[in-house]
Amino acid sequence: MQTLYKPTEASLEESLLSALAINEPWALIERFTTLVRESGSEDERVSAEYMAGRLKALGVPFKVYEPDLFLSVPVKSSLKVGGKTIRAKSPAFSISTGPQGITGKLVGIPSLYSPRSVDLFDVTPASDADVTGKIVIIDGYGGPPPVRLLEQKGALAQIYINPGVDIHWGICTTIWGAPDLDNYQRQPRSAVISISRPDGEALLKQLEAGEVEVTLFTEMNEGWMKCPVIEATIEGTEEPDRFVLVHGHYDSWDVGIGDNAVGDGTLLELARVFNDHKGQLARTLKVAWWPGHSTGRYAGSTWYADNFGLDLARNCIAQVDIDSPGCRWATEYYDVSWMTEAEDFCKQAIKDVTGLESHGERPHQAGDYSFNNIGISGFFMLLSTMPKDMLAEKDYYPVGGCGANIAWHTENDQLEIADKDNLMRDLRVYVATLQRTLNNPIHPFDFRRLAAEFHETLTKYSQAAGDEVDFSPAFDALSALDDALNRLYSHSNELMAKTVSDPAVRAYNDAILELGRSLILINFTREGRFRTEPAVKIPPLPDIAPAMQLQAASGHERHIIQTHLVRGINRVTWEFEGATKSVERALAKIE
Ligand SMILES: [Zn+2]
């Protein structure tokens, strides 16, 4: 199996690795320390011009697109209690209150999730308290699920107590990228602010003593704004239509060095070294820098997924997201995002070029993973991170980037958060994984691993649902897929010895792409191909995940869940069957 993941062009990989240098990325990082890269702003444009200028100077071919993105940029927010004004920030897509603010009585409810948990997606109401017409105060970051839930419960406005002394920026809409007719209704209608823990605790104490009336002020700049998207293309020589998309956001909260100037410098360095070896790349590398990540819920990458959707569906081998690499104290690789079919490959590459073991997880419905509704294999999002014992020693709470530095999404995310050695080490990981995907004859994804995971998922769901739902069509189709996959992968070693342009290799790779188009779609999405998912937690095989709730339901609700599961099993089974046919078509050309 090892040969699937090792570089077939070892000397090219060595040459790329030894070409890596800190100058280019570090110059970008230093330049970005003076640019507050809010999307739609002049500083964002200046940073785009800087990158375009460097690409030009380096001779890397690139294009700049100017899409209109739908954004919500926080302007200013505050909270008035009696005569006192408390510092606050609003997440993107809070509403604006107007100068009169929103005044109401506070109601404190126990945290929906632990204040020290970064999991914004697991929302369990911890209280039946009536929040109608009241201003809710609660622990957390003010992510989409709690904001939506409290809005539905009739809250007048929402105050989130962040875990520490600093207030973190964020975004509270569930709409992924620009809204369409199916989802614009989900745009939040609540005024939302976040405050610091000391301020929050003082308010809670006041509330314990009696009624508290507060006035909340929010001002947002919301609308469609032109923002540059930069796409560099380094053409492959043998199979130029097929490409790997490596990408990351360049808009940030404030100057955002750890999130994500380090990623932008990394992308620039990758563009430089791969372009310097362009005659030796079998396939095409596309490098993209997105705006609208922070204030448009991944608006830039979603615009790209929309507008280049067909090319991505036909030809994209993998998408690689680069967010917050090379940060201070980030010396380990655990909880790294990768899809199951890419796990062995990523682990091998990390081990080969850093000597380190790694550990991964199913990618969250987050980051610029805007390509799941096309069905594209993805690996990485965040990469290296701080050792767990160091986190405990520093008493750091979980955050969503910056290598676990709590400067994440605050004004403290400055130059000190970037680390040259860690950045150079992470660059090696990107070079190795990209090089092998571009040049190894066969694509490094093992869908047998995903099929095995599907067996576990189906077993869990079918056991939870009990006898009244028939999962056998899905199990049968999955067994047939197993057989086909075993036949396909029995050819991988022999095909690794052939060239990229060999027809049998192409047939094998076509099957790998088609497997992703079917199986990733059903494992990460419900809304269908070329659409977008809401920014909430998506369980494995989401169409049939409600099996977990069936036994607790009764009457009308139970019938609804049963119906949902029958449809879900049809959808899943159909995709298993389609995937099997894709493999059989390839085998007819290979065997
Ligand atoms: Zn980021």
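Everything numeric here is computed off the predicted structure, so don't read it as measured data.

**Brief notes about the sheet that holds strand 1 (residues 62-65)**
Here is step 1 of the chain: Spatial ordering of the open sheet is given by 1-9-11-10-12-15, a layout of six strands whose pairing is mixed. Here the strands that pair on one side only, and so sit at the sheet edges, are strand 1 and strand 15 (378-379).
Here is step 2 of the chain: Judged from the eight bridges that link them, strand 10 (residues 239-249) and strand 11 (residues 283-290) form a sheet pairing that is parallel. Considered in strand 11, the bridge of Val 244 is made with Leu 285.

**Thoughts on the packing of aromatic side chains**
A ring pair, where both rings are aromatic, is described by two values, the distance of the centres and the angle of the planes.
Here is step 1 of the chain: This model, assessed by the stated rule, comprises 19 aromatic pairs.
Here is step 2 of the chain: Consider the rings of Phe 345 and Phe 379, whose centres lie 5.8 Å apart with planes at 75°: the pair is edge-to-face. Residue Phe 345 is found in helix 10 (residues 343-354), and its partner Phe 379 is found in strand 15; the two are separated by 34 residues along the sequence.
Here is step 3 of the chain: Their ring planes at 80° and their centres at 6.1 Å tell us that Tyr 489 and Tyr 508 sit as a pair that is edge-to-face.

**Examining the nonpolar core**
Here is step 1 of the chain: Counting residues in hydrophobic clusters, the biggest one holds 123 residues, and the most contacted among them are Phe 274, Trp 289, Phe 380, Leu 488 and Phe 576.
Here is step 2 of the chain: The residues touching Leu 488, leaving out its near neighbours within four places in the chain, are Tyr 508, Ala 511, Ile 512, Leu 515, Val 583, Ala 586, Leu 587 and Ile 590.
Here is step 3 of the chain: Core analysis: the second largest hydrophobic core is formed by 20 residues, Tyr 65, Val 73, Ala 305 and Ile 374 among them.

**Considering the sheet that holds strand 7 (residues 192-195)**
Here is step 1 of the chain: Read from one edge of the open sheet, seven strands run 3-2-8-4-5-6-7, paired in mixed fashion. Of all strands in the sheet, those bounded by a partner on one side alone are strand 3 (84-88) and strand 7. Here the strands of the sheet are splayed against their neighbours by 35° on average, with no regard to which way each runs.
Here is step 2 of the chain: Two elements, strand 6 (residues 157-161) and strand 7, share four bridges in a ladder whose sense is parallel. When the bridges of strand 7 are listed, Ile 161 appears paired with Ile 195.
Here is step 3 of the chain: Helix 6 (residues 197-209) contacts strand 2 (68-81), strand 3, strand 4 (102-108), strand 5 (135-139), strand 6, strand 7 and strand 8 (213-226) of the sheet and is inclined by roughly 125° relative to strand 5.

**Notes on the coordination of the zinc ion**
Here is step 1 of the chain: Only His 249 (NE2), Asp 259 (OD), Asp 323 (OD) and Asp 323 (OD) from the protein coordinate the zinc ion, and they sit 2.0 to 2.3 Å from it.
Here is step 2 of the chain: Every donor counted, the four donor atoms about the zinc ion form angles of 56 to 140° at the centre, which fits irregular coordination.
Here is step 3 of the chain: Between consecutive donor residues of the zinc ion, the sequence gaps follow H-x9-D-x63-D. Residue Asp 259 is found in helix 7 (residues 257-275), and its partner Asp 323 is found in the loop between strand 12 (316-321) and strand 13 (333-337); the two are separated by 64 residues along the sequence.
Here is step 4 of the chain: The exposure class of Asp 259 is buried, given its relative accessible area of 5%.
Here is step 5 of the chain: With a relative accessible area of 5%, Asp 323 lands in the buried category.

**Remarks on the pattern of salt bridges**
Here is step 1 of the chain: By the definition in use, this model includes 33 salt bridges.
Here is step 2 of the chain: A salt bridge links Glu 151 to Arg 189, with the shortest nitrogen-to-oxygen separation between them at 4.0 Å. With Glu 151 in helix 5 (residues 144-152) and Arg 189 in the loop between strand 6 and strand 7, this residue pair connects regions lying 38 residues apart in the sequence.
Here is step 3 of the chain: Between Arg 272 and Glu 269 there is a salt bridge whose closest N-O contact spans 2.8 Å. Linking Arg 272 with Glu 269, this pair stays in helix 7, spanning three residues, or about one helical turn.
Here is step 4 of the chain: Among the residues examined, Arg 272 registers a relative accessible area of 16% and is labelled buried.
Here is step 5 of the chain: Three or more residues joined by partner-sharing salt bridges are found here, namely Glu 239, Asp 241, Arg 242, Arg 283, Arg 506 and Asp 510.

**Digging into unusual backbone geometry**
Here is step 1 of the chain: A cis amide bond links Asp 259 with the next residue in sequence, Asn 260, at an omega value of 20°.
Here is step 2 of the chain: Relative to the helices and strands, Asn 260 is located in helix 7.
Here is step 3 of the chain: Residue Arg 297 is not a glycine yet carries a positive backbone phi of 45°.
Here is step 4 of the chain: Within the secondary structure layout, Arg 297 lies in the loop between strand 11 and helix 8 (299-307).
Here is step 5 of the chain: The class of Arg 297 is buried, set by a relative accessible area of 4%.

**Let's talk about the packing of helix 10 against helix 12 (residues 420-439)**
How two helices pack is summed up by the angle between their axes together with the distance between the axes.
Here is step 1 of the chain: The N-to-C vectors of helix 10 and helix 12 enclose an angle of 130°; their axes lie 9 Å apart at closest approach. Regarding the angle of helix 10 to helix 12, the classification is oblique. Handedness of the helix 10/helix 12 crossing: right-handed. Here helix 10 contributes Phe 345, Gln 348, Ala 349, Ile 350, Asp 352, Val 353 and Thr 354 to the contact with helix 12, which in turn contributes Arg 425, Arg 428, Val 429, Ala 432, Thr 433, Arg 436 and Thr 437.

**What about helix 16 (residues 503-524)?**
Here is step 1 of the chain: With 22 residues, helix 16 should reach 32 Å at 1.5 Å per residue; the first-to-last C-alpha distance of 31 Å fits that figure.
Here is step 2 of the chain: The element helix 16 is extensively covered by neighbouring structure, given that 18 of its 22 residues are classed as buried.
Here is step 3 of the chain: Capping the start of helix 16, Asp 502 holds a side-chain oxygen 2.8 Å from the backbone nitrogen of Ala 504, two or three residues further along.

**Things to note about the packing of helix 3 (residues 23-32) against helix 12**
Here is step 1 of the chain: Interaxial distance between helix 3 and helix 12 falls to 11 Å at its minimum, and their mutual angle equals 125°. In terms of orientation, helix 3 and helix 12 fall into the oblique class. In this structure, helix 3 meets helix 12 at a crossing whose hand is right-handed. Residues Pro 25, Trp 26 and Ile 29 of helix 3 form the contact with helix 12, whose participating residues are Lys 420, Leu 423 and Leu 427.
Here is step 2 of the chain: Its residues assigned to classes, the contact of helix 3 with helix 12 shows five nonpolar, no polar and one charged.

Basis of the calculations
- Residues numbered from 1 in each chain as written.
- Predicted model: local features only at pLDDT ≥ 70, side-chain atom pairs only at ≥ 80, totals over all residues.
- Heavy atoms only, no water.
- Pairing = 2+ DSSP bridges.
- Helix = DSSP H or I, 4+ residues; strand = E, 2+ residues; numbered from the N terminus.
- Phe/Tyr/Trp six-rings, centres within 6.5 Å; stacked < 30°, edge-to-face > 60°.
- Core = buried A, V, L, I, M, F, W, Y, C linked by side-chain atoms within 4.5 Å.
- Buried < 20%, exposed > 50% of the residue type's maximum accessible area, 1.4 Å probe, protein only.
- Contact = heavy atoms within 4.5 Å.
- Axes fitted to C-alpha atoms, helices over the stretch in contact; angles between N-to-C directions.
- Donors = N, O, S within 2.8 Å, 3.2 Å for Na, K, Ca; no water.
- Tetrahedral: all angles 85-135°; square planar, octahedral: opposite > 155°, others 65-115°.
- Salt bridge = Lys/Arg side-chain N within 4 Å of Asp/Glu carboxyl O.
- Parallel < 35°, antiparallel > 145°, perpendicular 65-115°, else oblique.
- Left-handed = near helix turned anticlockwise from the far one by under 90°.
- Expected span 1.5 Å × (residues − 1).
- Polar contact = N/O pair within 3.5 Å; in protein donor to acceptor, adjacent residues only side chain to side chain.
- Nonpolar A, V, L, I, M, F, W, Y, C, P; charged D, E, K, R; others polar.

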